[in-house]
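What follows is each chain in one-letter form.
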There are 2 protein chains.
Amino acid sequence: MSAATPPPVIVLVRPQLGENIGKAARAMLNFGLTEMRLVAPRDGWPNPAAGPAASGADVVLANARLFDSVADAVADCPHVYATTVRKRGVTKPVVTPEVAARTIRGEAGRSALLFGPERSGLETDDVALARTIVTVPINPEFGSLNLAQAVILVAYEWSKGAGLASPPTVDLDPPGSQDELEGMIGQLDAMLETSGYYYPPDRVPTARRTLRTLLTKPGWSSQELRTMRGVLSALGGKKQPKG
Amino acid sequence: MSAATPPPVIVLVRPQLGENIGKAARAMLNFGLTEMRLVAPRDGWPNPAAGPAASGADVVLANARLFDSVADAVADCPHVYATTVRKRGVTKPVVTPEVAARTIRGEAGRSALLFGPERSGLETDDVALARTIVTVPINPEFGSLNLAQAVILVAYEWSKGAGLASPPTVDLDPPGSQDELEGMIGQLDAMLETSGYYYPPDRVPTARRTLRTLLTKPGWSSQELRTMRGVLSALGGKKQPKG
């Protein structure tokens with residue numbers, strides 16, 4: 001692990017049961033992960049059922065941060081991974097926990113791992129925020145991983161290399177933060193709104209998702225995102241210093 | 001995996017709660033292990049609490065075999081591994097689940113993996129039956145793996161080489177042709193020419209190069225390039241079918 005690579009953040013998206021939040025915290029701390037973020041937990045936060053299930057991993061729960069949206073929760077993370085059980089019709093790279101862990105350890109910048117609600121998993125819109133999908137290879141005839149189990153497998157894989165030295169990281173600029181990416185997407189979206197691009201109305205959600213996927217794919221750096229914003233401003237007729 | 005190597009047997013030694021037997025069965029089946037053996041479970045066998053906790057892994061419970069002693073349970077297994085959380089003063093090789101799994105897959109003959117009771121773990125006499133100890137490397141300041149979690153990590157490692165699922169290779173579309181990319185870049189370039197983006201003149205070559213690098217990086221597919229052209233047309237005020 002590069003000294004500069006912080007451990008990944010575990011983001012539980014709309015978790016249902018406090019007990020499972022506690023179990024996830026326990027799973028994390030077993031393998032040295034301490035940073036949990038919660039997006040709109042169903043029963044609010046704090047949740048009295050979490051503590052007992054954490055079996056002593058209280059420090060993780062005490063430091064857990066609460067967010068309204070996935071985008072807010074990963075705003076400072078240039079690398080976002082969405083864990084899903086099943087393949088979906090998404091055109092993003094799909095990797096094992098092992099490969100994800102190795103990649104995360106080598107990245108410049110912090111990674112976030114998204115885990116969906118117990119019953120349903122991540123929504124397509126949550127997955128759209130991620131550049132990469134993590135899928136645990138599982139018995140095709142019996143796939144029944146619960147939330148804490150999915151968390152523990154990923155944390156376990158991450159921990160394997162956490163103590164090891166690996167070659168110093170990359171001279172590529174890391175992707176900009178999720179915040180910066182959102183800023184650029186938002187600017188384009190506003191321009192397209194007024195341009196008549198989003199028509200007919202029933203195709204708008206799909207069109208938005210397609211664009212998001214396409215613009216998330218490059219992993220543009222902060223500098224590149226600024227350049228894109230300059231391009232958009234020029235196209236929109238606004239004078240703006242270019243990146 | 002050698003075709004001759006059967007999957008390992010999971011032996012739960014004096015398990016206390018039926019619920020944990022069920023969870024262990026679920027953990028096993030997720031990764032393709034089906035053979036469970038029980039040594040003197042505290043509350044007898046069958047145990048009505050096991051079924052609900054197995055979440056559908058009933059076949060594992062239905063086929064579980066009951067034994068009075070560890071020696072009986074592993075009598076047909078030439079390779080016995082004892083899982084322990086902490087290192088003990090035993091003079092046996094200690095390996096990670098990863099190494100154990102690799103070894104098991106390469107062995108001639110069946111392997112058994114022993115897991116101790118929830119609270120206390122395996123006794124020294126149980127460990128004495130094993131040739132090798134398996135220990136999960138864990139946070140030295142917080143080691144709190146439960147029985148099903150220990151089982152799932154070992155089963156997961158075993159499954160890696162078992163030819164089970166790996167994530168489906170993605171049907172990511174390949175990048176569009178250079179021609180298509182040039183078409184999109186050309187369209188943007190023409191729009192930027194008239195927008196005043198390319199100013200001052202001495203910076204034009206650098207600005208063009210920067211943009212080209214940025215737009216080449218994504219490796220957009222033909223479809224994505226068409227979408228981008230639709231976006232540009234909309235921004236330029238031209239009506240055009242979007243991609």
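(A) Spotlight on the domain arrangement of chain A. Residue and element names in this part refer to chain A. Each assigned domain of chain A is listed with its residue range as follows: domain 1 (9-159) and domain 2 (178-235). Listed as interface residues are 13 residues of domain 1 and, on the opposing side, nine residues of domain 2. When domain 1 packs against domain 2, the two sides together hide about 870 Å² of surface, and 59% of this comes from carbon and sulfur. By the criterion of area lost to domain 2, the three top residues of domain 1 are Ala 128, Leu 129 and Arg 131, representing 46% of everything that side buries. Counting across the domain 1 and domain 2 interface gives one salt bridge. Residue Arg 209 pairs with Asp 125 through a salt bridge whose shortest N-O separation is 3.3 Å. On inspection of domain 1 and its partner domain 2, the count reaches three residue pairs in polar contact (both at pLDDT 80 or more). In terms of residue count, helix 6 (residues 124-128) provides more of the side of domain 1 that touches domain 2 than any other element does, three residues in total. Looking at side-chain class alone, the side of domain 1 that touches domain 2 contains eight nonpolar, two polar and three charged residues.

(B) Up close: helix 1 (residues 18-30) of chain A. Helix length check: helix 1 of chain A (13 residues) gives 19 Å between terminal C-alpha atoms against 18 Å at 1.5 Å per residue, within 8%. Burial within helix 1 of chain A is extensive, with 11 of its 13 residues counted as buried. Residues of helix 1 of chain A that are buried include every one of Gly 18, Asn 20, Ile 21, Gly 22, Ala 24, Ala 25, Arg 26, Ala 27, Met 28, Leu 29 and Asn 30 of chain A, and no others. Those residues of helix 1 of chain A that are buried lie in contact with strand 1 (9-13), strand 2 (36-39), helix 2 (50-53), helix 3 (58-62) and helix 7 (147-162) of chain A together with helix 7 (147-160) of chain B. Taken from the residues just after helix 1 of chain A, Gly 32 of chain A is the one with a positive phi, measuring 85 degrees.

(C) Region of interest: the sheet that holds strand 5 (residues 94-95) of chain A. Residues and elements named next belong to chain A. Taking strand neighbours across the sheet as the criterion, the seven strands line up as 3-2-1-6-4-7-5 in an open arrangement whose pairing is parallel. A single partner strand is all that each edge strand has here, and the edge strands are strand 3 (65-67) and strand 5. For strand 1 and strand 6 (residues 111-115), the ladder comprises four bridges, and the chain directions are parallel. Bridge assignment links Val 11 to a residue of strand 6, and that residue is Leu 114. On the sheet, helix 7 packs against strand 1 and strand 6 and is oriented at approximately 155 degrees with respect to strand 6.

(D) Summary view of the interface of chain B and chain A. Counting residues at the interface gives 62 residues for chain B, matched by 63 residues for chain A. A buried area of about 5300 Å², summed over both sides, lies between chain B and chain A, and 63% of it is on carbon and sulfur atoms. Linking chain B with chain A are six salt bridges. For Lys 160 of chain A, the salt bridge is made with Glu 98 of chain B, and the minimal N-O distance between the two is 3.3 Å. Where chain B meets chain A, there are 20 residue pairs in polar contact (both at pLDDT 80 or more). For the side of chain B that touches chain A, the secondary-structure elements that each account for two or more residues are helix 1 (18-30), helix 5 (97-106), helix 7, helix 8 (178-195), helix 9 (204-216) and helix 10 (222-235) of chain B. Classifying every residue of the side of chain B that touches chain A by side-chain character gives 35 nonpolar, 17 polar and 10 charged.

What counts, and at which threshold
- Residues numbered from 1 in each chain as written.
- Chains lettered and ligands numbered in written order.
- Predicted model: local features only at pLDDT ≥ 70, side-chain atom pairs only at ≥ 80, totals over all residues.
- Heavy atoms only, no water.
- Domains from an automatic or database assignment.
- Contact = heavy atoms within 4.5 Å.
- Buried area = accessible area lost by both parts, 1.4 Å probe.
- Salt bridge = Lys/Arg side-chain N within 4 Å of Asp/Glu carboxyl O.
- Polar contact = N/O pair within 3.5 Å; in protein donor to acceptor, adjacent residues only side chain to side chain.
- Helix = DSSP H or I, 4+ residues; strand = E, 2+ residues; numbered from the N terminus.
- Nonpolar A, V, L, I, M, F, W, Y, C, P; charged D, E, K, R; others polar.
- Expected span 1.5 Å × (residues − 1).
- Buried < 20%, exposed > 50% of the residue type's maximum accessible area, 1.4 Å probe, protein only.
- Pairing = 2+ DSSP bridges.
- Axes fitted to C-alpha atoms, helices over the stretch in contact; angles between N-to-C directions.

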